[in-house]
Amino acid sequence: MRRTQRFFLNGAVNALSSLLLRGIGMGFSVYLARRIGADGIGLFSLVMSVYSLAVTFAASGINLGTTRIVAEEYGNCNLPAARRALKSALCYAAFFGSLACVLLYCLSPLFGQRWLCDARTVPALRLLAFSLPPLAFSNVCSGYFTAKRHAYKNALFGILSECVRIAFAVALLLLPHFHGMQGACLALAAASTAAESICAVFCVFLLIFELKRETRSSPKMCSRGVTRRLLRVSLPIALTAYVRAALLTVEHILIPLGLRRSGAQASAALAAYGTVHGMVLPVILFPLSFLSAFAALLVPELAEYHVRGDKEAIRRLCSRSCTVTLWFSFGVCGIFLSFSVGLGTVLYDSKSAGQYLYSLALLVPLMYFDHIVDAMLKGLDEQFASMRYNIIDAALCVAAVWLLLPRFGIAAYLWILIGSELFNLSLSASRLFRVVKISFQPMRLLVLPILCCAGALGITRFLMRRLDAFFSYEGWALFAHIGASFVLYFVLMRLCGCIRREDVDWALHLFFPQRGKKNPQNASPQAAPSGSTESKKLNRQIIT
């Protein structure tokens, strides 16, 4: 199987599983919105803001460290060094996961009563502390399977974890002991802890099975500096991640406080916070499933190219990733701008959710492109620059929330989100374009996609209005309208020449490997000497 096809196959597996997971998660958020209300979701979102800080400390950059070092050693066919890196990563995860568990359990009263100003969050935080050690081990296993391009294994564990979490949560919420906002938070925390523990057990068993299957012989000696290299990658990432996670936690704590200082009641502030973070942002992030799946695979892929010094392959992969991301994100942005009210009504029976979705639709191109750029920077050993930009961005957000939210309310926070993404993207993209010489074509990547998106939405709206019986913003008709608009968007992109013939051929090659091989006998390795120009061109085509 060609390298590009393997990359696409793993990305497709990741995309389908991520789409399924986000779909299940969004459906569960709809269930929670109807079960515990927006203020209940807001309270649990506050719990998760502190928990995310603990998760950052428990993981401490080990996922990316495992992926990078293991991918580099497997790329060099050094199996013993890859095994040693894995053992070091497991010890690293055991130390930081256990320490994070103890700290969160002991400091839960401080976090709940002093930071969050709500004692109802303390039991949930204490229960979530026990999920941190298994979560750290799962991060190591996930990084290892990502490095080996075994995307389906991470997909299976993600689906297992989400199904267990939802099953436990629904079952516990039906019990009378878990009624009320505090009980609901405790039930969700128990479900998350159970899901992480079960998933970690299965991950470790599969990892042991995978290691037994591998051949223990290797033509190279085990590298003595593997553990040092792992720490050199993971610890700086961990330190910068601590700072950014702390700033994000402070930001999320300040949001309800700032809303209350602007004149809103405590329940209304929690409801607004829960609507944005628990209802609207999951909808915005749902289409990102397609891109995040491939973004995770870009890290080991670019890491191998970077180690080999293959600048042309790096440029080609980065250019293709940027192009597809911008095309996709503009289409999704147009969908949200046109159907925000309908989506808010159908999913959450909430007009305010639809209004917030409309206001945040401009986040889509910025957020999606920034996500893929960050992944490429990590694969090119530029993760420190990426984390530096994230820290600066988080610090500015904290200052903006503290200064603007009490004066302008929730509207200020929406604009802070958009400005933050724009600032972060400008720094990250400029860094990527300095490292990789990517040719940027504004007409093909910006102007034509926007015009085609507007045309597709206008045409489908006109046609659907002619079919009065089918035109509505409720139920299946809304999603049929969205699907038709998205398909027509890419058709117009092809007709306008934005999507070129070589792009179509590249996509078809991923599904049909034999397409385009006009003279297989002339393309055989025997047709040219191994060191000839023709052989080098052939090898370059095979790689790409």
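The preceding data block contains the structure.
Summary of the structure given here. (Residues numbered from 1 in each chain as written. Predicted model: local features only at pLDDT ≥ 70, side-chain atom pairs only at ≥ 80, totals over all residues. Heavy atoms only, no water.)

1. Brief notes about the packing of aromatic side chains
Put simply, the rule is: Planes of paired rings set the category: under 30 degrees apart is stacked, over 60 is edge-to-face and the rest tilted, where pairs are Phe, Tyr or Trp rings (Trp by its six-membered ring) whose centres lie within 6.5 Å. Each residue is placed in one exposure class: buried if its accessible area under a 1.4 Å probe, protein chains only, is under 20% of its type's maximum, exposed if it is over 50%, and partly exposed if it falls in between. Whether a charge sits over a ring depends on NZ of Lys or CZ of Arg being within 6 Å of the ring centre and within 35 degrees of the ring normal.
Scanning the entire structure with this criterion turns up 13 aromatic pairs. Taken together, a centroid distance of 4.9 Å and an interplanar angle of 65° make the contact between Y489 and F490 edge-to-face. The class of F490 is partly exposed, set by a relative accessible area of 27%. Aromatic rings pair up to connect F57, Y92, F95, F96 and Y242 into one cluster. The side chain of R126 reaches across the aromatic face of Y105, ending 5.3 Å from its centre. Note that R261 overlies the ring of W402, its terminal NZ or CZ placed 4.7 Å from the centroid.

2. Here we look at the side chain of H277
As a reminder of what qualifies: Numbering of helices and strands starts at the N terminus; helices are DSSP runs of H or I of at least 4 residues and strands are runs of E of at least 2. Polar contacts, as counted here, are pairs of nitrogen or oxygen atoms within 3.5 Å of one another; within protein the pair requires one atom able to donate a hydrogen and one able to accept it, and residues that are adjacent in sequence qualify only if both atoms are side-chain atoms. Here, residues are in contact when the closest pair of their heavy atoms is within 4.5 Å.
Within the secondary structure, H277 is located in helix α9 (residues 266–285). What makes H277 buried here is its relative accessible area of 18%. Within the local environment of H277, its side chain forms a polar contact with the side chain of Y413, the two groups lying 2.6 Å apart. When neighbours within four sequence positions are excluded, H277 is seen to be in contact with H252, I255, P282 and Y413.

3. Some points on the pattern of salt bridges
The condition is simple: We define a salt bridge as a contact between a side-chain nitrogen of Lys or Arg and a carboxyl oxygen of Asp or Glu at a distance within 4 Å.
Applying the stated rule across the entire model yields six salt bridges. Residue D118 is joined to R120 by a salt bridge in which the shortest nitrogen-to-oxygen separation is 2.7 Å. Where E162 meets R165, a salt bridge forms, and the shortest distance between an N and an O atom there is 2.6 Å. A residue pair is termed a helical-turn pair when its members lie 3 or 4 positions apart in one helix, as E162 and R165 do in helix α6 (residues 151–173) at three residues.

4. Side note on the packing of helix α8 (residues 226–261) against helix α14 (residues 383–408)
Selection criterion: Helix axes are fitted only over the stretch in contact, all axes being lines through C-alpha atoms; the angle between N-to-C directions runs from 0 to 180 degrees. By definition in this entry, angles of less than 35 degrees are roughly parallel, angles greater than 145 are roughly antiparallel, angles of 65 to 115 are roughly perpendicular, and the rest are oblique. In a left-handed crossing the near helix is turned counterclockwise from the far helix by less than a right angle, and in a right-handed crossing that turn is clockwise. The residue classification treats Ala, Val, Leu, Ile, Met, Phe, Trp, Tyr, Cys and Pro as nonpolar and Asp, Glu, Lys and Arg as charged. All others, Gly included, are polar.
At a minimum axis distance of 9 Å, the contact between α8 and α14 shows a crossing angle of 15°. By the angle between their directions, the pair α8 and α14 is classed as roughly parallel. Here the hand of the crossing between α8 and α14 comes out left-handed. Here the residues of the contact of α8 with α14 sort into 22 nonpolar, four polar and four charged.

From the geometry alone we can't say anything about function, so treat these as descriptive.
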